[in-house]
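What follows is the residue order along each chain.
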Amino acid sequence: MSRKIEKEIQKEEQEIQRRKVEKNFQDYCISHGKRPMTRRELLGAGVLSFSATMTLPTLAGMLLPLQARAQSDECPSSASGLSLAPFITLNLSGGAMLASNYVPMDAGGQTLASYNKMGLGNGAVPIDREFGNVPFAGEGISKLLVQLRANATAQTLAKTSFVAIPVRSRDDSGDNLFDASGMVAKAGLVGTDLPNLGSNSTETGIRQMYAKIKPPTPLRVSNYTDIAGALALGATGPLSNLEEPQKISLLRLITRLSESQIQKVNNQSGGRMLANLVGCATNKNVELAEREKPTVDVRQDTSLAPVWGVANNTGDNNQAVVFGSMVKSALIGVSGTVALEQGGYDYHNGTRTTGDQRDGEAGATIGRILESAALLGKKVFIYVTSDGSCVSPTSDDRAAPWSSDRGEAGVAFMLAYDPQARPATSGFQIGHFTSGQAADDKFITGGSPELASCAVLANYLKFNNRMDLITPVIGSTFNTSQLDQIIKFT
Amino acid sequence: MKKHKNIYQWMIYIVSFFVLSVAYNNCGSLSGENGGSAGSSVAPSNNGDIIAIPNTKTASILRASRTLDSLVSCMSLVKPSPAAVAEFNKVKSSISEEGLANSLTQPMVKSMVSVSAVVCNDLINKERALAPAERLIFKTIDFTNPGLNKSQIHDTAKRLARSCWGRNPEVEELDEISVDIGRNFSGDTNQIQTNKLVYMCTAMASSFSTYEM
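Here the structure is a predicted model, which is why all the values come from computation and not from measurement.

Regarding the overall build of chain A
- Looking only at helices and strands, chain A features 16 helices and 13 strands.
- Within chain A, the fraction of its 490 residues that count as buried is 54%.
- Long-range pairs, those at least 24 residues apart, make up 73% of the contacts in chain A between residues at least 6 apart in sequence.

Given below as structure tokens:
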């Protein structure tokens, strides 16, 4: 570009700045009926720059606690998220009978007298212990455990902790407040590029309602290209004719135009929040365009592809490609929270066959997530949810079929992997089952998916050694005594 | 004496610092949706929900189901091309379903950019084939002469703004666009002219005024 053109551009830019100041001055005169005279008025009119506010801390900022500051004034930032482990939710939609895989204990930590409504027969259930000392239905009864072991190595499982939460939930319903991703995002896990990934088009990305805090709108991933499209700009189409610096300049121009246009909604309900989000989003796009693109395609990862059973020619919409890429994006910090959903768990069809198959698929996914984390040398926290559970006819048969829904026998799982060593825990169960073979709803979390989700958050923060974040995120949902009962990570 | 003077000066600095920090940092509201403070009479939105301010409009954005139609309509096209539909289907999951102000995200804005670019390209192709008098947006563009001057950019931007933003552009906006094009493109070929037009049209169609409701 010639020096003459550069000078012309510089001159035009100065002219734009001059007009902006002039316009601010005129707007002030019109709205206030006088010229700005004092320093305060000149600042208010935008004629003087806000150097004072830039250099001095606000008194409010110094005195108010974190929770009092408006979420709406902050960009979703990955700054504090850097210290938080990836958080992946696996929702088994339909009402998985997780309590016939993990064997729930009573209030004294002992096996129940009978599990004959839970498809496990009498109280003498063969126990197979994994993750240290956690009881699963042995002799191959728990297909979840069988497939988990088939997809994760013994070394990986040796560095994994497991905690179960007996909790009643509504059967076959999307109304259970099991989603914890909003709370986790507020704690700071938002990823460098994509704040939240989900499997379907609900506000949580799965068929669960959010607990306490609405998560960032999830990017619904039903095909690998959904992630690729969100990460790349102009790989194809008319923008591919632009050079990379031109694409970045285009995003900068959109940012500048939007920043001036957004001012007019500032006084509307939600206006300042929207203005802030527009600023965050447009600036983030510029930032991402300037950076080297991360590879999240699990097919292109020679270490992870075999774990997920995919190859270069596996289709973009293959579930293993989609899940594997979502998991990888969480593990390398590209995305914040990730919610995977597997359907087909309303499996009470008078047989055990379908249920066993689905439970095995859940175990395979959990195993693959753990193994992926192990191969990448990353920590991971997995939260397994469902909506309701199943019942078998009262029977001593440990292969009794699933005959109906039974939400009171619900259980959620937490698993935490640390490449250094198994995270220490003080127990493997939060709450307990009653002699009636149901989650005890008198326990803090036993009757409330939302409180169970809050307990998951508390354990996640403890796993991350960030208990300082619990009050800013969920306030005083739990008192100290309750926290002692629901936190199992030490 | 001089020593005392220095102490007084420092005391004045410290007091001034405190006064300035209190006086010049309380301009923004700390209450309600737009701020949220402990002890405020209006409960702060601590969960990302929008709190309504009485007697004011609620800010919102275009919802996913209307995005493509709206872009096609503002570009004065009759219906979306197969390429535009394909691009939209590729990215629509990242666009807000409900159009709520608190659902806007970075992938959503990026999706708007990629869909806008395809629709803009369709518009350019359509109008390139028309006589200048029959065009709605690129009336002053000479597609047989690849040059693009400031007046042509301003005229096109004004037509796009009226169509997509529902208003005339501000002088500053026109200047931003023409300066930016001048800074980022050099040379006059047919492809460069097309690139400039795609660039201008995409920037305008992806800026906030287009998807504000």
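Topic: the sheet that holds strand S10 (residues 380-386) of chain A
All names here are of chain A.
- In space, the seven strands of this open sheet follow the order S6-S13-S10-S1-S9-S7-S8, with mixed pairing throughout. Both edges of this open sheet fall to strand S6 (160-166) and strand S8 (219-220), since each of them pairs with a single strand only.
- With three bridges connecting them, strand S7 (residues 194-198) and strand S9 (residues 335-342) associate as parallel partners. Looking at S9, one finds that leucine 194 is bridged to serine 335.
- Helix-sheet contacts for helix H13 (residues 353-376) involve strand S1 (87-92), S6, S9, S10 and strand S13 (411-417), and the interaxial angle to S10 is about 165°.

Some words on the pairing of S6 of chain A
Residue and element names in this part refer to chain A.
- Within S6, seven of the seven residues are buried, leaving the element largely enclosed by the surrounding structure.
- The alternating pattern of S6 places Thr160, Phe162, Ala164 and Pro166 on one face and Ser161, Val163 and Ile165 on the opposite face, and all of these are buried.
- Across seven bridges, the pairing between S6 and S13 is antiparallel. Counterpart to threonine 160 in the pairing with S13 is tyrosine 417.

Topic: unusual backbone geometry
Residue and element names in this part refer to chain A.
- A positive phi angle, near 50°, is found at aspartate 172, a position not held by glycine.
- Within the secondary structure layout, aspartate 172 lies in the loop between S6 and helix H7 (181-187).
- The partly exposed category is assigned to aspartate 172, around which 14 C-beta atoms lie within 10 Å.
- Residues other than glycine seldom take positive phi values, yet asparagine 465 does so here, at roughly 55°.
- Assignment of secondary structure puts asparagine 465 in the loop between helix H14 (449-463) and helix H15 (470-474).
- For asparagine 465, a count of 9 C-beta atoms within 10 Å gives the class exposed.

About the thresholds
- Residues numbered from 1 in each chain as written.
- Chains lettered and ligands numbered in written order.
- Predicted model: local features only at pLDDT ≥ 70, side-chain atom pairs only at ≥ 80, totals over all residues.
- Helix = DSSP H or I, 4+ residues; strand = E, 2+ residues; numbered from the N terminus.
- Buried ≥ 20, exposed ≤ 12 C-beta atoms within 10 Å, placed from the backbone.
- Contact = placed C-beta atoms within 7 Å.
- Pairing = 2+ DSSP bridges.
- Axes fitted to C-alpha atoms, helices over the stretch in contact; angles between N-to-C directions.

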